[in-house]
Amino acid sequence: MAVGAATWDDLLEGEQVAHVETVPAMEPRTAPLPDELHPGLRKALPFRTLYVHQRAAFDVAARGEHLILATGTASGKSLGFNLPVLDTIAHEPKSRALYLYPTKALAQDQARGLAALHAPNVRAAIYDGDTPGERRWHIRKWANVILTNPDMLHVGVLPHHDRWADVLHNLRYIIVDEAHVYRGVFGSHVGNVLRRLRRLAQVYGAEPQFLMASATIANPGGLARDLAGVEAAVIDDDAAPRAERTILLWNPELLDAELGLRASALGDASRLMADLVSRGLRTICFAKSRKAAELIHKFTVERVDADAAKRLAPYRAGYTPAQRRDIERRLVEGELLGVAATDALELGIDIGLLDCAISVGFPGTVASLRQQWGRAGRRGHGLAVLVASEDALDQYFVREPETLLQRRVEAAILDHANPRVLDGHVRSAAFEAPLDDDDRATLGDEALERAALLPELKLTKSGYVWAGRDYPAGQFGLRSTTPDTFAVVEAQSGTVLGIVERERAYSTVHEGAVYLHLGESYLVRELDLQARTALVTPYKGDYYTQAKKDTNTAIEETLRTERRCGLDLQFGRISVTERVVAYQKKSIRDQSTLETVELDLPETSFETEAIWYVPEPEQLAGLEKMPKLLGTLHAAEHSMIALLPLWAMCDRWDIGGLSTNIHFQTDAPTVFIYDGHSGGVGITERGFNAFEGWVEDTARMLEGCPCSDGCPSCVQSPKCGNLNEMLDKVGALTLLRRMVGAATSAKRS
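Throughout this description, residue numbers start from 1 for each chain and increase along the sequence as written. Local features are withheld for residues below a pLDDT of 70 in this predicted model, meaning they are given only at 70 or higher, and side-chain atom pairs are given and counted only at 80 or more; totals for whole chains, interfaces and linings count all residues. Values shown for side chains rest on all heavy atoms present in the structure; no hydrogens or waters enter the calculation.

Trainee: Would you take a moment to explain the overall build of the protein for this structure?
Mentor: Each helix and strand counted, the protein has 24 helices and 31 strands in total. At 26 Å, the protein has a C-alpha radius of gyration in line with the 27 Å of a compact globule built from 749 residues. Here the protein holds 749 residues, and the buried ones make up 58% of them. Excluding contacts between residues fewer than 6 apart, the proportion of contacts in the protein whose partners are at least 24 apart in sequence is 73%. Counting every atom, the protein has about 29700 Å² of accessible surface; 50% of that belongs to carbon and sulfur. Each charge class in the protein can be summarised by its mean position, and for the 83 positive and 101 negative side chains these summaries are 4 Å apart. Put simply, DSSP H or I for four residues or longer makes a helix, DSSP E for two residues or longer makes a strand, and each gets a number counted from the N terminus. Taken over C-alpha atoms, the radius of gyration is set against a globule rule of 2.2 Å times the number of residues to the power 0.38. With a 1.4 Å probe rolled over the protein chains alone, any residue whose accessible area is under 20% of its type maximum counts as buried; one over 50% counts as exposed, and the rest are partly exposed. Pairs of residues are marked as contacts when any of their non-hydrogen atoms sit within 4.5 Å. Shrake-Rupley sampling with a 1.4 Å probe provides the accessible areas, and residues are treated as covered by the protein chains on show and by no other component. For this count, His and the chain ends are skipped, Lys and Arg are scored as positive, and Asp and Glu as negative. Think of each charge as sitting on NZ of Lys, CZ of Arg, CG of Asp or CD of Glu.

Given below as C-alpha cells:
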C-alpha cells in the first residue's frame, strides 16, 4: 500500500501543531559488487548492486584499514561491515570475527540476518550470559563468527583468554555495531575493554581490523580513536534511498501559562497513535520509560475498536526473550499495527516497514531522535512526530524548530583515561598478562602511569603483575565510574533491580524515596549503609520525591582559562561535597509540596571536571543585591544545565551545578556546572568548547518561555538540591543576554 500525505493531512492542523515540514525523497546511488568477491558469496547474495557507501566500506576493508561507517537509519550499515567479513571467511574459513552489540536483542537480530544469507563457510553463534555452559566450549572451538556484548567480553572472555587462544590467534575482524551508544561512562569502559582485546590478540599473534558502524554523529573518526585507539577511515556519505517524510512537532495544550502546566504528553501521543492505527497506518511510539510505554499502549487500546486493539502491543525490557521475539516477528510480518516501545527498538533491530514514528519527549540527543524517526517511511511517505513534554529542552525545540531540525548531530564523547574508569582495567590487564612499556601502544601511557600507583600490582622482571585475590574484572561492571555502589533490592523477591553509585545513592535511594527503575516505581523502605543495600517495594502512590542537598565545591586545579562572553571562563578539576539533609513529597498532579521530611545521612565527596565563571560587575549591574543576585545565578545555572545536552551527547541527569553569591576561592559570585560522574567523562569540556553557542541557546530558551517567573519549561529543575527555591528568571535572562552581547562584540572586533 502506498502511503500518501493525505492520509494524515487533517492531523496537521490545530493549536497543538507547533511546526510541520516535508523532507524530500532521496534516490539511491549504487555501485557494482566487487569483482574479487568470492563466487560462492556472490551466488548467495540476493542482489547485484551495493549502495555507494557499502562499496566504499568494502574497498577500505580490503585495503586492511580500520573503518567507521556513519550513515542514517536503514542505510544498510550491517551489509557494509558484513560483506568484507563474509568474503574473508569464504576464502579462509579459519579466520574468526568477533561482533560486539550493546544489547542481546541486536545480537539475536544480526544472527538471524547472517543465517538468512547462507554465505559459504560461515558458522555463526551467540556467546552471552544466556548461552548454556555446555555450548560455550563448542562455540569457542567451532564458530568463526561470534556475536557477544562488551560486558561478556570484559568478564567472560578476556580474563579466561587461554580458553580463547584459537579465536584470538585467528582474529581478523572486530565489529563494533551501534558505536554511538558507547559514550559517557559506559563508552569510557568499553574503550578500555577494546584496548585489552587488541593487546591480547597481539599476544596471540593477531592484528585484528576494526569495522565500526554508528548513527550519524559529529565525530565518527574521533569516536573510533577514543573507543579502540586506532585511526579509522570515515565513510559518512549516505547513498541509500529515502522516502519523502513529513515532520510534525506537537506541543500539548497549555493549561496554565504561569505554572507551565500542559496537557499530558502521554495522553496526546496515545490519541495520535489511535488515530493513525485506525487509518491502517503502521506506527511505532517511543517513550522514555517502561511505565510510559505501557500507559501509552493502555490509553491507545481504550481509544480504538476491538479489531485494531488486537493488533497493538507494548515492547520493553523486562519481557522474556521469547515474548520479545514474538513481538519482533509480528512486527516484521505486518501482523501488528502499532507498538509502544522504549528506546530498546531504536537501535538496528529489523522491525519491517512502518509508516509513522512518534517520539514522546526529546530522547536526549538529535542522533537518537533521528534513529527513532528513521523507523518511519520505509514503504513510502512517512510521518515523524515529536510530542513535546514540559521539559525545558522540549519546549525550546517547539518554539525554535530550526534549532532541532537544522542542528548538526552531537559528538559522542568518552574518556577512557579517566582514572576512576581506567584503574579497574589496568588491574584486569595485569591479571591477563604482565604489563610493560610495550603496552603503551595499545593501552595508552596513562595505563602504565596508573599501574605504578596501584598497590595490588607488583613490579616483576616481566612487568606489572596482579598480586591480589580472585580476578579483578569480576569486581566492577561497565556502567559505573566507581566500584563503590549500593544494590537496590526488591524486598519480597530479593531480586537486585540495579546498582547506584555511592555519590548518587543518598539522594536517590534514601529511606522514603520513590525510586524509578526502568519506568516502574518503588518505595525505598530501608537504606542499609553497612550492607550497602536499599530495600524497595512496588509503589502505586500519587507523589514523587525530591532530595534537598547542601552542596559545596572546591577548585582543585584550573586546566584552561579563556576570555569568553565578556568574562573569564575556566575549566578544570573540582571536588564536590554533598549532604542530603531532607526530601520533599510532591504531588504528581500539580507538583505541590505535600510534606518535607528531614534526613540524617553522611556526606559524600567526589572529584570531577567542571566549568565555572565569575560574571563581571557590569554584567551584574542592577542584579547585584541579595536575594536577586542568588536567584539570578541559580536560574542561569539551571537553564544552562537544561541546554547542555544539546552540545554534549548526554542527559541532564549526567550534569550537576552550584551557584553562589560568594565562593571562598574566587571571592566573588560564581556559577559552577560539573560532570555528575566521578572523574568526569568529558561532558563539561564539550560545554567549554561550545560556550558561546550554549549561552546563546539558553538565552533564547528563556526568552521564548511564556511564563513570567520561571516554570519547569525554563528555570525549574527536577533534580534541584535547593528544591527550586530562589530562582529569578528575569535576572538570569538579563545576565545571559549581556554575555551574548559581549560574545557578539568580541566577534565583530
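Trainee: What am I meant to see in the side chain of Thr-660 here?
Mentor: Here Thr-660 lies in strand S30 (residues 655–660). The class for Thr-660 is buried, based on a relative accessible area of 14%. A polar side-chain atom of Thr-660 sits 3.0 Å from the main-chain carbonyl oxygen of Ile-662. Contacts of Thr-660, omitting those with residues within four sequence positions, involve Leu-630, Leu-633, Ala-668, Pro-669 and Thr-670. Polar contact criterion, stated in full: a pair of N or O atoms within 3.5 Å, where within protein one must be able to donate a hydrogen and the other to accept it, and residues adjacent in sequence count only if both atoms are side-chain atoms.

Trainee: Help me understand the packing of aromatic side chains, please; the structure alone is not making it clear to me.
Mentor: Within 6.5 Å between ring centres, the rings of Phe, Tyr and Trp (the latter by its six-membered ring) count as paired, and their orientation is classed by plane angle as stacked under 30 degrees, edge-to-face over 60, tilted in between. This structure, assessed with the given rule, holds 14 aromatic pairs. On the numbers, 4.8 Å between centres and 80° between planes, the contact of Tyr-127 with Trp-164 is edge-to-face. With Tyr-127 in the loop between strand S6 (124–126) and helix H5 (133–142) and Trp-164 in the loop between helix H6 (150–157) and helix H7 (165–169), the pair connects residues that are 37 residues apart, well separated along the chain. Here Tyr-127 and Trp-164 have matching classes, each one buried. Seen from their ring centres, Phe-691 and Trp-694 are 5.9 Å apart, and the 90° between their planes marks the pair as edge-to-face. Taken together, the positions of Phe-691 and Trp-694, both in helix H23 (residues 691–704) and three residues apart, correspond to about one turn of that helix. Residue Phe-691 is classed as buried on the basis of its relative accessible area of 0%. Taken together through their ring pairs, the aromatic side chains of Phe-81, Tyr-99 and Tyr-101 make up a single cluster. The residue whose ring lies beneath Arg-136 is Tyr-127, and the NZ or CZ to ring-centre distance is 5.5 Å. Here, a charge over a ring is recorded when the distance from Lys NZ or Arg CZ to the ring centre is within 6 Å and its angle to the ring normal is within 35 degrees.

Trainee: Help me understand the sheet that holds strand S4 (residues 66–70) in this model?
Mentor: Sheet strands associate in pairs through backbone hydrogen bonding, adopting either a parallel or an antiparallel arrangement. Strand pairing is assigned whenever DSSP identifies at least 2 bridges connecting the two strands. The strand order across the open sheet built from seven strands is S6-S7-S5-S8-S9-S4-S10, with neighbouring strands paired in parallel fashion. Every interior strand has two partners, whereas the edge strands, S6 and strand S10 (232–235), have only one. The mean angle between the axes of side-by-side strands here comes to 15°, regardless of whether they run parallel or antiparallel. Judged from the four bridges that link them, S4 and S10 form a sheet pairing that is parallel. Helix axes are fitted only over the stretch in contact, all axes being lines through C-alpha atoms; the angle between N-to-C directions runs from 0 to 180 degrees.

Trainee: Sorry if this is basic, but what is going on with the pairing of strand S21 (residues 485–490) here?
Mentor: Regular strands show a simple pattern: their side chains alternate between the two faces of the sheet. Among the six residues in S21, six count as buried, and that is most of the element. Here S21 folds back onto strand S22 (residues 496–501) in antiparallel fashion, the turn holding five residues, of which Gly-494 has a positive phi close to 75°. Bridge count between S21 and strand S25 (residues 533–538): four bridges; the pairing is parallel. Bridge pairing links Val-489 to Leu-535 in S25.

Trainee: When you look at the packing of helix H21 (residues 628–643) against H23 in this model, what are you seeing that I'm missing?
Mentor: Angle between the axes and distance between the axes: these two values describe a pair of packed helices. Here H21 crosses H23 at 110°, and the two axes come no closer than 9 Å. If you check the angle between H21 and H23, you find them roughly perpendicular. Listed contacts from H23 to Ser-639, Met-640, Ala-642 and Leu-643 of H21 are Phe-691, Trp-694, Val-695, Asp-697, Thr-698, Met-701 and Leu-702. Residues belonging to the contact of H21 with H23 are distributed by class as follows: eight nonpolar, two polar and one charged. Orientation is classified from the angle alone, with under 35 degrees giving roughly parallel, over 145 giving roughly antiparallel, 65 to 115 giving roughly perpendicular, and any other angle giving oblique. Ten residues, namely Ala, Val, Leu, Ile, Met, Phe, Trp, Tyr, Cys and Pro, are considered nonpolar, four, namely Asp, Glu, Lys and Arg, are considered charged, and the remaining ones, Gly among them, are considered polar.

Trainee: So what exactly am I meant to see when it comes to the sheet that holds strand S15 (residues 312–315) here?
Mentor: Spatial strand order, S1-S11-S18-S17-S14-S16-S15: seven strands in an open sheet with mixed pairing. Of all the strands in the sheet, just strand S1 (17–23) and S15 have a single pairing partner and so form its edges. Geometrically, the sheet is characterised by an average inter-axis angle of 15° between neighbouring strands, direction not taken into account. Bridge count between S15 and strand S16 (residues 338–341): four bridges; the pairing is parallel. Bridge assignment links Ala-313 to a residue of S16, and that residue is Val-339.

Trainee: It is not clear to me how helix H24 (residues 729–748) should be interpreted in this structure. Could you clarify?
Mentor: Residues spaced three or four apart along an α-helix face the same direction, because each turn holds 3.6 residues. Multiplying one less than the number of residues by 1.5 Å gives the expected span of a helix. The terminal C-alpha atoms of H24, which comprises 20 residues, lie 29 Å apart, in line with the 28 Å expected from a rise of 1.5 Å per residue. Among all positions of H24, only Lys-729, Gly-731, Ala-732, Leu-733, Leu-735, Leu-736, Met-739, Val-740 and Ala-743 are buried. Taken together, the buried residues of H24 touch strand S27 (567–587), strand S29 (604–613), H21 and H23. Measuring from the backbone nitrogen of Val-730 back to the side-chain oxygen at the start of H24 gives 3.2 Å, which picks out Asp-728 as the cap.

Trainee: For this particular structure, what's the right way to read the nonpolar core?
Mentor: Most often, soluble globular proteins have nonpolar side chains that are buried together. What is meant by a nonpolar core is a set of buried Ala, Val, Leu, Ile, Met, Phe, Trp, Tyr and Cys residues, joined one to another through side-chain atoms within 4.5 Å. Of all hydrophobic cores here, the largest spans 106 residues; its most connected members are Leu-404, Ile-611, Tyr-613, Ile-673, Phe-691 and Met-739. With near-sequence residues (within four places) excluded, Ile-611 lies in contact with Leu-569, Gln-570, Phe-571, Val-671, Phe-672, Ile-673, Thr-684, Phe-688, Phe-691 and Trp-694. With 35 residues, the next largest nonpolar core counts Leu-33, Leu-37, Leu-83 and Leu-211 among its residues.

Trainee: Would you mind showing me how to read the environment of Glu-410 here?
Mentor: Position of Glu-410 among the secondary structure elements: in the loop between helix H16 (401–405) and helix H17 (419–432). A residue is classified by how much of its surface remains accessible, and Glu-410, at 2% relative accessible area, is buried. On a C-alpha basis, the gap between Glu-410 and Val-181 in space is 12 Å, while along the polypeptide they are 229 residues apart. Excluding anything up to four places from it in sequence, Glu-410 contacts Ile-217, Ala-218, Thr-365, Val-366, Ala-367, Pro-645, Leu-646 and Met-649.

Trainee: Just to check I follow, could you spell out the pattern of salt bridges for this structure?
Mentor: Pairs can form between side chains of opposite charge once their charged atoms are near each other. Note on definitions: salt bridges are taken to be side-chain nitrogens of Lys or Arg within 4 Å of carboxyl oxygens of Asp or Glu. On inspection of all chains with the given rule, the structure shows 33 salt bridges. Close ionic contact of Arg-440 with Asp-437 constitutes a salt bridge, the shortest N to O distance being 3.2 Å. On the basis of relative accessible area, Arg-440 is assigned to the partly exposed category, the value being 32%. With a closest N to O distance of 3.2 Å, Glu-595 and Lys-585 form a salt bridge. A residue pair is termed long-range when its members are at least 10 positions apart, and Glu-595 in strand S28 (residues 593–598) and Lys-585 in strand S27 qualify at ten residues. For Lys-585, a relative accessible area of 19% translates into the label buried. Taken together, the shared-partner salt bridges in this structure form one network comprising Arg-560, Glu-562, Arg-564, Glu-685 and Glu-692.

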